[in-house]
Amino acid sequence: VSIPLLINSFQLIEKVAANDDIEGFKNILHQMCPNSLAPIVYPHSFKARVVKYNSKKETVCLLGSDNVAVYGDVKTGKIIDTIPNVLDFAFSPNGKTLALAKDDGKVLLITSNEGTYEYDDNSIEATAIFQQIFFSEDGLYLIGSSSDKVVCIWDASDNFVEKARLQHKLPVNY
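Criteria and cut-off values
Residues numbered from 1 in each chain as written. Predicted model: local features only at pLDDT ≥ 70, side-chain atom pairs only at ≥ 80, totals over all residues. Heavy atoms only, no water. Pairing = 2+ DSSP bridges. Helix = DSSP H or I, 4+ residues; strand = E, 2+ residues; numbered from the N terminus. Axes fitted to C-alpha atoms, helices over the stretch in contact; angles between N-to-C directions. Phe/Tyr/Trp six-rings, centres within 6.5 Å; stacked < 30°, edge-to-face > 60°. Buried < 20%, exposed > 50% of the residue type's maximum accessible area, 1.4 Å probe, protein only. Lys NZ or Arg CZ within 6 Å of the ring centre and 35° of its normal. Salt bridge = Lys/Arg side-chain N within 4 Å of Asp/Glu carboxyl O. pLDDT = per-residue confidence, 0-100. Contact = heavy atoms within 4.5 Å. Core = buried A, V, L, I, M, F, W, Y, C linked by side-chain atoms within 4.5 Å. Polar contact = N/O pair within 3.5 Å; in protein donor to acceptor, adjacent residues only side chain to side chain.

1. Comments concerning the sheet that holds strand 13 (residues 161-167)
An order of 10-11-12-13 is seen for the four strands of this open sheet, with the pairing classed as antiparallel. Looking at strand neighbours, the two that pair on one side only are strand 10 (130-135) and strand 13, the edges of this open sheet. Ignoring strand direction, the axes of neighbouring strands in this sheet form an average angle of 20°. The pairing of strand 10 with strand 11 (residues 141-146) spans five bridges and is classified as antiparallel. Its bridge partner being in strand 11, F130 is matched across the sheet by S146.

In structure tokens:
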């Protein structure tokens, strides 16, 4: 898939999802992933804010305007989980870890391994509520930024141990 086609597809997904056009959404997902058996269906009416695939296009996560994230398996079309109270999420560059920033200040980590999904019982507890979260390009760090002027950096190669906490004069948004 070419980059312009992929970008256009994501724009189409956002457009049909924003209009609650579930059938259109399913059709676009099926066109983007023709090898999937069934497109993933969001379990209730929504307006999508974010739609991201992991790097291998094996899983997808959608975040609705209701702050409910839906994590799904692209091949089977099955919903893996729905997670409430999510502000942002990011896939690791290797596609194996999904980090979800929740509105209670926790960052939930879900690791996929050949069709199985493990939830990290020791999810990251932060003192700030992270509104944006992302992995570094090399996947070694997870970075979170918040409106209360904090940026945190966790070491993904060392069980997500906090490596730095930076305070700023203004809210940090990327």
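Read on for the rest.
2. Considering the packing of aromatic side chains
Applying the stated rule across the entire model yields five aromatic pairs. Ring centres of Y71 and Y117 lie 5.7 Å apart, and the angle between their planes is 80°; this geometry places the pair in the edge-to-face category. A residue pair is termed long-range when its members are at least 10 positions apart, and Y71 in strand 3 (residues 69-73) and Y117 in strand 8 (residues 116-119) qualify at 46 residues. When its relative accessible area of 22% is taken as the criterion, Y117 is described as partly exposed. Taken together, the ring pairs in this structure connect Y71, F89, F91 and Y117 into an aromatic cluster. The lysine or arginine in question, K52, covers the ring of F89, its NZ or CZ lying 4.9 Å from the ring centre.

3. Considerations on unusual backbone geometry
One non-glycine residue with positive phi stands out, namely N67, at about 65°. On the secondary structure map, N67 appears in the loop between strand 2 (59-64) and strand 3. Backbone geometry at F160 places phi at a positive 60°, although glycine is not the residue there. On the secondary structure map, F160 appears in the loop between strand 12 (150-155) and strand 13.

4. Describing the pattern of salt bridges
With the rule as written, the count across this model stands at two salt bridges. Here D158 ties to K163 by a salt bridge, and the two come within 3.8 Å at their closest N and O atoms.

5. A short note on the confidence of the model for the protein
Averaged over the protein, the pLDDT score is 74; the fraction of residues at 70 or greater is 66%. When the elements of the protein are averaged for pLDDT, helix 1 (residues 3-18) gives the smallest value, 48, and strand 5 (residues 86-91) the largest, 93. Note that residues 1-10 has pLDDT below 50 and, in this model, eight contacts with residues that lie over four places away or in other chains. Segment residues 35-45 is flagged for pLDDT under 50; beyond a separation of four residues in sequence, or across chains, it makes 36 contacts in the model.

6. Notes on the nonpolar core
Counting 15 residues, the largest nonpolar core has V107, L142 and W154 as its most contacted members. Of all the secondary-structure elements, those providing two or more residues to this core are strand 6 (97-102), strand 7 (106-113), strand 10 and strand 12. Within the second largest apolar cluster, 13 residues are counted, among which are I83, L98, L100 and L108.

7. Things to note about the side chain of D73
Its place among the elements puts D73 in strand 3. Exposure remark for D73: the relative accessible area of 15% places this residue in the buried category. Polar side-chain contacts of D73 include one of 3.3 Å to the side chain of Y117.

8. Points about the side chain of S92
With respect to the helices and strands, S92 occurs in the loop between strand 5 and strand 6. Overall, the relative accessible area of 7% leaves S92 in the buried class. Reaching out from S92, the side chain makes a polar contact with the side chain of N94 at a distance of 2.7 Å. Ignoring anything within four residues of it in the chain, the contact list for S92 reads T97 and F135.

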